[in-house]
Amino acid sequence: VQLQASGGGLVQTGGSLRLSCAASGRPSSSYDMAWFRQAPGKEREFVGASMRSVDDTYYAESVKGRFTISRDDAKNTVYLQMNSLKPEDTAVYYCAADSDIRPWDYMRWRSYNYWGQGTLVTVSS
């Protein structure tokens, strides 16, 4: 599967953005899908995941209640709706996919073999 992330940009604190991750090659409905982010000088960190295998969605504590992952299987696209953005949300955001991620591994970026190219989100204070 090939992944194409888009939707990043510059937004003020408190604003919103919606990121998209379009899948091609195989239906996104076949995969567990996740979002990660990486700020300059920091390690890649888990943001959230939509786990097809267990039909559930998980979020990092830092974004819970502000970010929402949704899927549109007809469009082979996964979305990350980001509300109430903070300067600390500034990062390059990556979508990732794989099949049959073990439930205890969904937060580990090394569990995913397919990655989009990343899209930059900058939140100004």
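Residues numbered from 1 in each chain as written. Predicted model: local features only at pLDDT ≥ 70, side-chain atom pairs only at ≥ 80, totals over all residues. Heavy atoms only, no water.

Q: An account of the packing of aromatic side chains is needed here, citing residue identities and associated values.
A: Applying the stated rule across the entire model yields nine aromatic pairs. Ring centres of Phe36 and Tyr112 lie 5.5 Å apart, and the angle between their planes is 70°; on these two criteria the pair is classed as edge-to-face. Here Phe36 is found in strand E4 (residues 32–38), whereas its partner Tyr112 is found in the loop between strand E9 (91–98) and strand E10 (114–115), with 76 residues between them in sequence. Since its relative accessible area comes to 1%, Phe36 is described here as buried. Look at Trp109 and Trp115: their rings are 6.5 Å apart centre to centre, the planes differ by 70°, and that puts the pair in the edge-to-face class. Under the relative-accessibility criterion, Trp109 is labelled partly exposed at 33%. Put simply, the rings of Phe36, Phe46, Tyr58, Tyr94, Tyr106, Trp109, Tyr112 and Trp115 touch in pairs and so form one group of aromatic residues. (Phe/Tyr/Trp six-rings, centres within 6.5 Å; stacked < 30°, edge-to-face > 60°. Helix = DSSP H or I, 4+ residues; strand = E, 2+ residues; numbered from the N terminus. Buried < 20%, exposed > 50% of the residue type's maximum accessible area, 1.4 Å probe, protein only.)

Q: Talk me through the side chain of Arg37; I want residue IDs and the actual numbers.
A: Position of Arg37 among the secondary structure elements: in strand E4. Among the polar contacts listed, one links the side chain of Arg37 to the side chain of Asp89, at a separation of 2.9 Å. At a separation of 2.9 Å, a polar atom in the side chain of Arg37 contacts the side chain of Tyr93. Arg37 has contacts with Glu43, Arg44, Glu45, Val47, Ser62, Val63, Phe67, Glu88, Asp89, Ala91, Val92 and Tyr93, leaving out every residue within four places of it along the chain. (Polar contact = N/O pair within 3.5 Å; in protein donor to acceptor, adjacent residues only side chain to side chain. Contact = heavy atoms within 4.5 Å.)

Q: Which residues make up the state of the cysteines, and what are the values?
A: Applying the stated criterion across every chain yields a total of one disulfide. Here Cys21 engages in a disulfide with Cys95; their sulfurs sit 2.2 Å apart. Sign of the S-S torsion, about 70° for the bond between Cys21 and Cys95, identifies this disulfide as right-handed. Linking Cys21 in strand E3 (residues 17–24) with Cys95 in strand E9, this pair joins segments that are 74 residues apart in sequence. Just as Cys21 is buried, Cys95 falls in that class too. (Disulfide = S-S within 2.5 Å.)

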